[in-house]
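# Tertiary structure, described
Listed here are the chains, written in short residue letters.
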Amino acid sequence: MTLTQLEYFLALAEFQSFSQAAKACGVTQPTLSAQFQKLEEELGHALVNRKAQPMALTPMGQSLLGQARQTLQSAEGIKRLVDDFERPVVGRLRLGIVAPLAGIHGAEWYAAVQAACPHVELDLVEANPADLQQALQQAELDAVLTQSEGWTGQGQTTVLFQEAWWALAPKEEALLPAWSDGQAWIMGSEVLAATRFARLNGWKAQATPGFQSDSVYGRASVGARTGKWVLLSESELELLPAWMQKRARPVPHAQRSVMWVRGL
């Protein structure tokens, strides 16, 4: 999945026409159609109903629409923030990224920074929120990209985008359990944002610890085998294969922010 493909998807959602979307994006219709088809093939779902008049988004397309806008906005936001970091933007930028966002978005963010500021020497550090807070306070880092859960450090904070929390069902017909039902959920270690979010909402670990893994796929696989639910952020959900994603349900009224924090 590329930023260009998401741009084409948003143009289709706006203009409801392949020809008009291609014109708005400044490309030929075959080019836009080919890239959009690759996006649908990668996701394993049709995103538009080509038979409708006018063309309309499918339910999966509607679900993707908000996240696509947020992803493109975050990429533009990073370019603007780095551009404002120092004028002209030269020298070295020591940037911390909270785990596991570095593994999910790190390459995309690194490319955005390099494209916006080709003369910047970029040092990336991946760590948990507590270690990033300490490094920022001790001036070992210039800025941090992190989620809102668990961040209590000082700095100039800018929200880049928000994403939903999702609950991965062990089977399609299962009913979403309450947070207080500790035995119904599989969580990772205490450093995971999902674990901290669940605890804030009333989840309590069992007296006898069960399976724990910080691997998204590991938790999803064991959850399916043991009949337990798995809490995932939207970024983590995108790492799972399409057949697993079909069992995911949005957690009502639950979002988290991804922030840029610049040292004081």
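One can find the structure itself at the top, above this paragraph.
This write-up is about the structure you can find in this document. Computed from a predicted model, the values in this text were never measured in an experiment. (Residues numbered from 1 in each chain as written. Predicted model: local features only at pLDDT ≥ 70, side-chain atom pairs only at ≥ 80, totals over all residues. Heavy atoms only, no water.)

## Some details on the pattern of salt bridges
If you walk through the whole model with that rule in mind, you get five salt bridges. R94 is the partner of D142 in a salt bridge, and the nearest nitrogen-oxygen pair spans 3.0 Å. Of this pair, D142 sits in the loop between α6 (129-137) and β5 (143-147) while R94 sits in strand β3 (residues 91-98); the two residues are 48 residues apart in sequence, bridging distant segments of the chain. Exposure remark for D142: the relative accessible area of 18% places this residue in the buried category. Residue R94 is classed as partly exposed on the basis of its relative accessible area of 23%. One salt bridge in this structure joins E163 and R256, with 2.7 Å as the shortest N-O distance. Taken as a pair, E163 in strand β6 (residues 156-168) and R256 in strand β9 (residues 248-262) lie far apart in primary sequence, 93 residues in all. Neither E163 nor R256 differs from the other in exposure class; each is buried. (Salt bridge = Lys/Arg side-chain N within 4 Å of Asp/Glu carboxyl O. Helix = DSSP H or I, 4+ residues; strand = E, 2+ residues; numbered from the N terminus. Buried < 20%, exposed > 50% of the residue type's maximum accessible area, 1.4 Å probe, protein only.)

## Looking at the side chain of E234
By secondary structure assignment, the location of E234 is in helix α9 (residues 234-237). Lacking a salt bridge, the buried E234 has R256 as its closest oppositely charged neighbour, with an N-O distance of 8.3 Å. Here A164 takes part through its backbone nitrogen, which lies 2.9 Å from a polar atom of the side chain of E234. Leave out the neighbours within four places in its chain, and E234 touches Q67, E163, A164 and W166. (Lys, Arg positive; Asp, Glu negative; His and termini not counted. Polar contact = N/O pair within 3.5 Å; in protein donor to acceptor, adjacent residues only side chain to side chain. Contact = heavy atoms within 4.5 Å.)

As far as function goes, none of this settles anything; it's purely spatial.
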